[in-house]
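Take a look at the letters that make up each chain.
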Amino acid sequence: MNQLHISVKNKSVIIQEFKVALSEENINLKTLRELCFNGIPFEGGIRALFVTKYYDILVNIHPLFVFVFSKREVYSQFLKEMIIQPGIAKANLGLSREDVTLEDHPLNPNPDSRWNTYFRDNEILLQIDKDVRRLYPDMAFFQRPTDYPCQLILDPQNDYETLRRRVEQTTLKAQTVNRNRSGVTNVSSPGKALNLYPSNEYEGMNEIVGPIYYTFATDPNSQWKEHAEADTFFCFTNLMSENRDNFIKSLDDSQCGITYKMESVYSMLKEKDLELYLKLEEQNIKPQYFTFRWLTLLLSQEFLLPDVIRIWDTLFSDLDRFHFLIVVCCAMLILIRQNLLAGDFTVNMRLLQDYPISDVQTILAKAKDLRDNS
């Protein structure tokens, strides 16, 4: 039986297999990796159980588990030092003009100006605000307030400028304003349009944060829900430490950059399915037309959220996880080879930008087969 099809077992059996593997005095890392590779159950609080009891082992297995309880206190300290204390200090200045001097003022072109720094920070905050608003707009979970808002930020005793207030003060700059011929103004977020090529290194990271936050915030254990924000921060930081080169434009053409990785998908396809490779080359369908999004966002926009998390279980449990992502992308192409061989440029671009197969088990099984037979 293909190992990837173990997930069709009764869920209680799978959960028991995880618990047995974790109860061994000497944990078998190979067994644990295989279990994670085939998907971690959403039920049974298995993810939280891993974190609480087996941190030292899982640091080497699954990036989503890379944090300890002390990190939550560190996160609180970050909030105090970077948001609360500066906000209180600014609030204490009132509406005075102390921040405006002859040497440093809002129109100062000096890149080291405090005002320039303030405006650059605002641009990042506005981008974050847009990204948060457009993250999984069709999922109720992401549209409702959290049950555990950050008390440090919302403490009514603290009267200071929050990051939210800074965003609200410049909201119109984050919106596209259109006026039709009758004079009616329509205000809408430009983020609603599909953007395959993020204009800066910050765009798209929300698609990676979303599944991580969802994993913690929906855990059956309320303790994990309560600290989902802090836990997500450190897990995201750990994941991006491995994936950050994809978002650094100056590295695009280097061996660790995104261009090299996109071309690697076609290099593998050429080896595995020459006919399909030549067809895409003939139609001048370049890998960056679709693999840019697949690779930078770890397939998070191609599938429903539970399926994304399922794919990530397999990716993150693989010792060479980002190479395996390239294998998965190649498998996705081969699985729709008949459609691609029959289609013209327009039809094929639609297929690749709106991938038609939703069964991620089939995709992962094909990827495993490609890897094992390489």
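Residues numbered from 1 in each chain as written. Predicted model: local features only at pLDDT ≥ 70, side-chain atom pairs only at ≥ 80, totals over all residues. Heavy atoms only, no water.

Under an unreviewed UniProt entry, the name given to the chain is TBC1 domain family member 13, and the source organism is Periophthalmus magnuspinnatus. Note on the chain: under the UniProt heading Function (unreviewed entry), the record states "Acts as a GTPase-activating protein for RAB35. Together with RAB35 may be involved in regulation of insulin-induced glucose transporter SLC2A4/GLUT4 translocation to the plasma membrane in adipocytes." What the UniProt record of the chain gives under Subunit (unreviewed entry) is the line "Interacts with RAB1A and RAB10; in a GTP-dependent manner." (UniProt positions renumbered as here; feature names shortened; annotations may be inferred.)

Draft legend 1. Expanded view of the overall build of the chain. The helix and strand tally for the chain stands at 19 helices and two strands. Of all intrachain contacts in the chain linking residues separated by at least 6 positions in sequence, the fraction that spans at least 24 positions is 68%. Of the roughly 20,700 Å² that the chain leaves accessible, carbon and sulfur atoms contribute 53%. (Helix = DSSP H or I, 4+ residues; strand = E, 2+ residues; numbered from the N terminus. Contact = heavy atoms within 4.5 Å. Areas by Shrake-Rupley, 256 points an atom, 1.4 Å probe, with all protein chains shown as cover.)

Draft legend 2. Region of interest: helix H11 (residues 228-243). For H11, which comprises 16 residues, the first-to-last C-alpha distance of 21 Å matches the rise-based estimate of 22 Å (1.5 Å per residue) to within 8%. All of the buried residues in H11 are Ala228, Ala230, Asp231, Thr232, Phe234, Cys235, Phe236, Leu239, Met240 and Asn243. (Expected span 1.5 Å × (residues − 1). Buried < 20%, exposed > 50% of the residue type's maximum accessible area, 1.4 Å probe, protein only.)

Draft legend 3. Geometry of the pattern of salt bridges. Under the counting rule described, the total for this entry stands at eleven salt bridges. Where Arg337 meets Asp273, a salt bridge forms, and the shortest distance between an N and an O atom there is 2.5 Å. A residue pair is termed long-range when its members are at least 10 positions apart, and Arg337 in helix H17 (residues 337-342) and Asp273 in the loop between helix H12 (258-272) and helix H13 (274-282) qualify at 64 residues. Its relative accessible area of 8% is what places Asp273 among the buried residues. With its nearest N and O atoms 3.1 Å apart, the salt bridge here joins Arg337 to Glu275. Residue Arg337 is located in helix H17, and its partner Glu275 is located in helix H13; the two are separated by 62 residues in the primary sequence. Connected through shared salt-bridge partners, Asp318, Lys368, Arg371 and Asp372 make up one network. (Salt bridge = Lys/Arg side-chain N within 4 Å of Asp/Glu carboxyl O.)

Draft legend 4. Just the confidence of the model for the chain, in detail. Chain-level statistics for the chain give a pLDDT mean of 77 and a share of 72% at 70 or above. Below pLDDT 50 for its whole length, residues 1-8 participates in 20 contacts with residues either more than four positions away or in separate chains. Across residues 51-61 the pLDDT falls below 50, and counting only partners more than four positions away or on other chains, this stretch makes 30 contacts in the model. (pLDDT = per-residue confidence, 0-100.)

Draft legend 5. Fine view of the packing of aromatic side chains. Scanning all chains against the criterion turns up 16 aromatic pairs. When the ring of Tyr136 is compared with that of Phe142, the centres are 5.2 Å apart and the planes differ by 25°; the resulting orientation is stacked. Measuring from ring centre to ring centre gives 6.3 Å for Tyr266 and Phe290, while their planes differ by 45°; the resulting arrangement is tilted. You can see Tyr266 sitting in helix H12 and its partner Phe290 sitting in the loop between H13 and helix H14 (291-296), a full 24 residues away along the chain. What makes Phe290 buried here is its relative accessible area of 3%. (Phe/Tyr/Trp six-rings, centres within 6.5 Å; stacked < 30°, edge-to-face > 60°.)

Draft legend 6. Spotlight on unusual backbone geometry. In this structure, Tyr136 is a non-glycine residue whose phi angle is positive, near 40°. By the element assignment, Tyr136 lies in the loop between helix H6 (114-133) and helix H7 (151-154). The phi dihedral of Leu298 falls on the positive side, at around 55°, and the residue is not glycine. Within the secondary structure, Leu298 sits in the loop between H14 and helix H15 (305-317). Looking at Leu298, the relative accessible area reads 1%, which means it is buried.

Draft legend 7. Just the side chain of Ser300, in detail. Considering the arrangement of structural elements, one finds Ser300 in the loop between H14 and H15. A polar contact of 3.5 Å, which involves the side chain of Ser300, links it to the backbone oxygen of Glu207. (Polar contact = N/O pair within 3.5 Å; in protein donor to acceptor, adjacent residues only side chain to side chain.)

Draft legend 8. Local environment of the environment of Asn373. By the secondary structure assignment, Asn373 is in the segment after helix H19 (360-372). Note: C-alpha distance between Asn373 and Lys272 (101 residues apart in sequence) is 9.9 Å. Within the structure, the side chain of Asn373 is placed 2.7 Å from the backbone oxygen of Asp369, a separation counted as a polar contact.

Draft legend 9. Examining the packing of helix H2 (residues 29-37) against H15 more closely. At a closest axis distance of 7 Å, the pairing of H2 and H15 adopts a crossing angle of 150°. It follows that H2 is roughly antiparallel to H15 by the angle criterion. Along its contact with H2, which presents Arg33, Cys36 and Phe37, the element H15 presents Arg310, Asp313, Thr314 and Ser317. Each residue belonging to the contact of H2 with H15 can be placed in one class, and the counts come to two nonpolar, two polar and three charged. (Axes fitted to C-alpha atoms, helices over the stretch in contact; angles between N-to-C directions. Parallel < 35°, antiparallel > 145°, perpendicular 65-115°, else oblique. Nonpolar A, V, L, I, M, F, W, Y, C, P; charged D, E, K, R; others polar.)

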